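Descriptive structure summary
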Amino acid sequence: MSTTSEQLPRFTGSENDPAVGMFAPVVSGVGPDGEPITVPAKGPAVVVLLAHWCPHCQREVPILVRLQESGRWPPGVDLYGVSTFVDEARGNYPPSDWLDKEGWSAPVLVDTQYSEAADIYGVRSTPGMVFIAASGTVALRTSGTIPARTMEILLRQLAAGVPLDASLVR
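What comes next is a walk through the structure. Not measured: the values here are computed from a predicted model.

Along an α-helix, a turn takes 3.6 residues, which lines up residues three or four apart on a common side. The terminal C-alpha atoms of helix α4 (residues 148-160), which comprises 13 residues, lie 18 Å apart, in line with the 18 Å expected from a rise of 1.5 Å per residue. Within α4, burial applies to Thr150, Met151, Glu152, Leu154, Leu155, Gln157 and Leu158. Buried residues along α4 sit in contact with β4 (45-50), α1 (55-69), β7 (128-132) and β8 (138-143).

Next up, the structure:
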């Protein structure tokens with residue numbers, strides 16, 4: 001796992017997040033198939049850090065998949081997954097099978113056993129989301145399930161290049 005940029009500060013909440021405005025990290029590693037993958041810092045994009053055993057992630061993944069399948073995901077906004085906090089003893093293992101079963105089609109970076117990608121993004125709870133503006137800067141970070149309607153609003157704001165409304169996720 002490698003990054004070409006500064007690690008984001010630890011996420012403690014969307015309000016007054018010090019990462020907003022910082023350049024998003026470029027993280028390189030491998031995907032579930034062992035092939036190299038890079039999660040670029042270009043935007044607009046959403047990076048979702050997921051744990052296969054997390055009940056909030058198990059609710060969020062179908063929401064994201066439905067938004068994409070229904071055409072409500074804005075064109076030009078990329079989606080990346082980061083499979084993190086992997087634990088063989090917990091449900092939905094292996095994570096790649098769970099994501100396949102849910103219909104996840106976005107690229108997935110597999111985090112290291114030491115959760116290096118999660119640390120790079122400053123995220124310690126899942127699902128953690130990093131919304132990246134077209135400028136490559138962090139527009140918003142969140143943690144927890146985001147309802148479909150709220151996600152649609154945030155995605156439209158991201159696609160339009162306007163500031164994201166952090167009050168929607170408090």
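A word on unusual backbone geometry. Of note, the bond from Gly43 into Pro44 is cis; its omega dihedral lies within 30 degrees of zero at 0°. By the element assignment, Pro44 lies in the loop between β3 (36-39) and β4. Cis rather than trans, the peptide bond between Tyr93 and Pro94 has omega equal to -5°. Looking at the element boundaries, Pro94 is found in the loop between β5 (78-83) and α2 (95-102). Backbone geometry at Asn16 places phi at a positive 55°, although glycine is not the residue there. Here Asn16 shows up in the loop between β1 (2-3) and β2 (27-30). For Asn92, which is not glycine, the phi dihedral falls at a positive 60°. The topology assignment puts Asn92 in the loop between β5 and α2.

Tracing the backbone through its elements, the reader meets Gln68 in helix α1. Through-space distance from the C-alpha of Gln68 to that of Ala148 is 11 Å; in sequence the pair is 80 residues apart. The contact partners of Gln68, leaving out residues within four places of it in the chain, are Trp73, Leu79 and Ser105.

This part covers the packing of aromatic side chains. Inspection of every chain in the model, using the stated rule, returns 0 aromatic pairs. Its end group placed over the ring of Trp53, Arg90 keeps NZ or CZ at 3.8 Å from the ring centre.

Time to look at the pattern of salt bridges. All chains considered together, the criterion is met by 4 salt bridges. Of the charged contacts, one joins Glu152 and Arg72 as a salt bridge, the two residues approaching to 3.8 Å between their closest N and O atoms. On the criterion of sequence distance, the pair formed by Glu152 in helix α4 and Arg72 in the loop between α1 and β5 is long-range, its members being 80 residues apart. Relative accessible area serves as the criterion here: at 14%, Glu152 is assigned to the buried category.

Our focus in this paragraph is the side chain of Thr150. Structurally, Thr150 is set in helix α4. Judged by its relative accessible area of 15%, Thr150 is buried.

Once that is clear, we can look at the packing of α1 against α2. Contact geometry for α1 and α2: axes closest at 10 Å, N-to-C directions at 45°. Comparing the axis directions of α1 and α2 gives the class oblique. Considering the relative orientation of α1 and α2, their crossing is right-handed. Facing Cys57, Gln58, Val61, Pro62 and Val65 of α1, the residues of α2 in contact are Trp98, Leu99 and Glu102.

Rules and cut-offs
Residues numbered from 1 in each chain as written. Predicted model: local features only at pLDDT ≥ 70, side-chain atom pairs only at ≥ 80, totals over all residues. Heavy atoms only, no water. Helix = DSSP H or I, 4+ residues; strand = E, 2+ residues; numbered from the N terminus. Expected span 1.5 Å × (residues − 1). Buried < 20%, exposed > 50% of the residue type's maximum accessible area, 1.4 Å probe, protein only. Contact = heavy atoms within 4.5 Å. Phe/Tyr/Trp six-rings, centres within 6.5 Å; stacked < 30°, edge-to-face > 60°. Lys NZ or Arg CZ within 6 Å of the ring centre and 35° of its normal. Salt bridge = Lys/Arg side-chain N within 4 Å of Asp/Glu carboxyl O. Axes fitted to C-alpha atoms, helices over the stretch in contact; angles between N-to-C directions. Parallel < 35°, antiparallel > 145°, perpendicular 65-115°, else oblique. Left-handed = near helix turned anticlockwise from the far one by under 90°.

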